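# Examination of the molecular architecture
Chain by chain, the residues:
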Amino acid sequence: MGTTIIGLVFMGATLVQVLFWLLLFSRLGRYAEPVNLEPEQPQTELPPVSIIICGCNEADNLSKFLDRFLSQDYPFFEVIVVNDNSVDNSEKILLEFKKKYSILRPVTIKEQHPPGKKYALQVGIAAAKYDLLLLSDADCYPSSPHWIRFMQSTIKNDVLIGLGYSPFEYRHGLLNRFIRFEAIYTAIQYFSFSIVGMPYMGVGRNLIYAKSLYQRQQGFSAHLDIASGDDDLFVNAAANGRNTAVMLAAESFVFSIPKTTWGGYYHQKSRHLTTGTRYKPVHQLYLGLLSASHFLHYTAGLAWGVATGQWSMILVFYLARATVVATVSRPILS
C-alpha cells in the first residue's frame with residue numbers, strides 16, 4: 001500500500017510538472033518572437049524617464065558601469081544614483097561623472113535606516129522629476145544603449161508596470177552555473193504567469209513603473225517591516241493582468257554581477273525567500289504546487305525505485321518530463 005501511494009505521488013507530480021510546462025511556460029516561447037523588434041516611436045513622442053540606481057560602497061561598480069546608464073540613446077531622461085551611507089569613494093566618483101553628464105543627479109544618504117534598499121529607493125523616487133521610474137542596481141549594466149527605449153515602450157494605455165529580464169554574467173564554476181540557471185527559471189515563471197494575466201513579481205534590477213502607481217500604493221508601506229520586497233512585493237500588490245506587460249527583447253536586458261561564494265549567494269537568497277509568504281494567496285498556491293511537484297518528481301521517483309525496483313518505468317517518466325522541458329525551453333532560450 002505504501003509503495004502504491006509513493007508511485008501515485010511520483011506520477012502525479014510528474015503530470016503536474018508536464019502540465020505547467022505545456023500549458024503555461026510554453027506561452028512564453030510563443031510570445032517571445034514579436035517583441036524582439038525595436039519600438040518604432042518618434043523621438044518627440046517619447047516620455048521622459050527617471051532611472052533610479054541605489055548603491056552602498058559600490059565605487060568599483062559605479063566606475064565600470066555607470067556610463068552605460070548615462071550614455072543611453074534616449075532624448076529625455078535623468079539618472080538618480082542614491083549613494084546609501086557609502087564609506088568608499090562612491091561620492092567622489094559620482095562627482096566626477098557629474099562633470100561630464102548633466103543628467104546625473106547624485107543623492108547622498110548619511111543617516112542610518114533599517115536594513116535593505118527600500119529607504120534608499122524611497123529617497124530616489126521622491127527625488128525623481130518624471131513619472132516613469134526605471135530601476136536598476138549599481139552592480140548592473142544595460143545590454144544596449146536602447147535599454148530605456150525598450151523598457152518604456154511597455155508603458156502605454158492601461159499598462160503601468162513593465163517587467164524586464166536581468167541575467168547574471170558568465171563566470172567559471174558550478175556556483176555561477178547554478179545562479180544563471182536559477183535566474184532563467186525564475187524569469188520563465190514570472191514572465192509566463194504575467195503573460196496569462198497573473199503577474200506576481202518583478203526583479204528590481206530591471207523594472208519600470210509609473211510613479212503615480214507607486215503613490216497610489218503608498219509606496220512600500222505594506223512591507224516596510226522586512227528588508228527585501230522592494231521589487232517583488234510591490235509588483236505582487238500593484239500588478240494585475242491589465243496593468244502589467246513584459247519586455248523580452250535582448251536589447252532590454254540588464255546584466256548583473258553574480259555572487260562568487262556560496263555564502264554570499266545564500267545570504268542574498270535567504271533575504272529574498274522571506275517575501276514569498278507575503279504573496280497573494282492564489283500566487284502562493286500555484287507557486288507552492290509548482291515547487292512541490294518539482295521536488296516530489298525526483299524524490300518520490302527515487303523512493304519508489306528503491307522500494308519496487310521499477311527503474312525502467314521511472315526512467316520513462318523522467319525522460320518524458322525532460323523531453324517536454326527541453327522542447328518548451330528551446331524557443332524561450334533561443
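About the cut-offs
Residues numbered from 1 in each chain as written. Predicted model: local features only at pLDDT ≥ 70, side-chain atom pairs only at ≥ 80, totals over all residues. Heavy atoms only, no water. Helix = DSSP H or I, 4+ residues; strand = E, 2+ residues; numbered from the N terminus. Buried < 20%, exposed > 50% of the residue type's maximum accessible area, 1.4 Å probe, protein only. Phe/Tyr/Trp six-rings, centres within 6.5 Å; stacked < 30°, edge-to-face > 60°. Lys NZ or Arg CZ within 6 Å of the ring centre and 35° of its normal. Arc of directions from axis to C-beta. Contact = heavy atoms within 4.5 Å. Pairing = 2+ DSSP bridges. Axes fitted to C-alpha atoms, helices over the stretch in contact; angles between N-to-C directions. Patch = residues over 30% accessible without salt bridge, like charges linked within 9 Å, V, L, I, M, F, W, Y side chains within 5 Å. Areas by Shrake-Rupley, 256 points an atom, 1.4 Å probe, with all protein chains shown as cover. Salt bridge = Lys/Arg side-chain N within 4 Å of Asp/Glu carboxyl O. Core = buried A, V, L, I, M, F, W, Y, C linked by side-chain atoms within 4.5 Å. Right-handed = clockwise from strand over helix to strand, strands pointing away. pLDDT = per-residue confidence, 0-100. Expected span 1.5 Å × (residues − 1).

### A short note on unusual backbone geometry
- With a phi angle near 55°, Asn85 is a residue other than glycine that sits in the positive phi range.
- Its place among the elements puts Asn85 in the loop between β2 (77–84) and α3 (90–100).
- Phi at Gln218 takes a positive value of approximately 55°, unusual for a residue other than glycine.
- Locating Gln218 in the fold gives a position in the loop between α7 (211–216) and α8 (232–238).
- In this structure Gln218 comes out as exposed when scored by relative accessible area, which is 60%.

### A few points about the packing of aromatic side chains
- For the structure on display, the rule yields 22 aromatic pairs.
- Aromatic side chains Phe193 and Tyr200 sit 5.4 Å apart centroid to centroid with 90° between the ring planes, which places their arrangement in the edge-to-face category. Comparing Phe193 with Tyr200, the two get one shared label, buried.
- Geometrically, the ring pair formed by Tyr214 and Phe234 is tilted, given 6.1 Å between the ring centres and 45° between the ring planes. One end of the pair, Tyr214, is in helix α7; the other, Phe234, is in helix α8, and 20 residues separate them in sequence. Of the two residues, Tyr214 and Phe234, neither departs from the other in class, the shared state being buried.
- Of the aromatic side chains, those joined through ring pairs into one cluster are Phe10, Tyr298, Trp304, Phe317 and Tyr318.
- Positioned over the ring face of Tyr141 is Arg68, at 4.4 Å from the centre of the ring.

### Comments concerning helix α4 (residues 118–127)
- What α4 keeps buried is the set Lys118, Ala120, Leu121, Gly124 and Ile125. What you see down the axis of α4 is that its buried residues fit within an arc of 160°, all on one side.
- Looking at the buried side of α4, the elements it contacts are β1 (49–55), β2, β3 (104–109), β4 (132–137), β7 (207–210) and α7.

### Observations concerning the sheet that holds β3
- The mixed open sheet is built from seven strands, whose spatial order is β3-β2-β1-β4-β7-β6-β8. Among the strands making up the open sheet, the edge pair consists of β3 and β8 (244–246). With direction set aside, neighbouring strand axes in the sheet form an average angle of 20°.
- Inspection of the sheet shows β4 paired to β7 by four bridges, in the antiparallel sense. In the strand pairing of β7, Leu133 is matched with Tyr209.

### A word on a nonpolar patch on the surface
- Residues Leu15, Leu19, Leu22 and Leu23 make up a contiguous nonpolar surface patch of roughly 380 Å² in combined accessible area.
- Structurally, the position occupied by Leu15 is in helix α1 (residues 2–32).

### So, the nonpolar core
- Of all hydrophobic cores here, the largest spans 52 residues; its most connected members are Phe25, Ile52, Phe191 and Tyr209.
- Core analysis: the next-biggest nonpolar cluster, separate from the first, contains 33 residues, Ala59, Phe77, Leu104 and Phe150 among them.

### Observations concerning the pairing of β3
- Relative to β3, β2 runs parallel, the two sharing six bridges. When the bridges of β3 are listed, Val82 appears paired with Val107.
- Of the crossover connections in this fold, the one passing from β2 over α3 to the parallel β3 is right-handed.

### Overview of the confidence of the model for the chain
- On average, the chain scores 92 in pLDDT, and the residues at 70 or more come to 94%.
- In the predicted structure, residues 33–37 sits below a pLDDT of 50 and forms seven contacts with residues beyond four places in sequence or in another chain.

### A word on helix α2 (residues 59–70)
- For α2, built from twelve residues, the straight-helix expectation of 16 Å at 1.5 Å per residue is met to within 8% by its first-to-last C-alpha distance of 16 Å.
- Burial in α2 covers these residues: Ala59, Asn61, Leu62, Phe65, Leu66, Phe69 and Leu70. Looking down the long axis of α2, one finds its buried residues gathered within 150° of arc, a one-sided arrangement. Exposed residues pointing more than 90 degrees away from the buried face of α2 are listed as Asp60 and Lys64.

### Observations concerning the pattern of salt bridges
- Counting across every chain of the model gives six salt bridges.
- When the shortest N-O distance is used, the salt bridge between Arg171 and Glu169 registers 2.7 Å.
- For Arg171, a relative accessible area of 31% translates into the label partly exposed.
- Here Glu169 falls in the buried class, since its relative accessible area comes to 16%.
- The partner of Arg278 in a salt bridge is Asp225, and the shortest N-O contact between them spans 2.4 Å. Note that Arg278 is positioned in the loop between α9 (262–273) and α10 (281–308) and Asp225 in the loop between α7 and α8, a separation of 53 residues in sequence.
- Residue class for Arg278 comes out partly exposed when judged on its relative accessible area of 36%.
- Classification of Asp225 as exposed rests on a relative accessible area of 55%.

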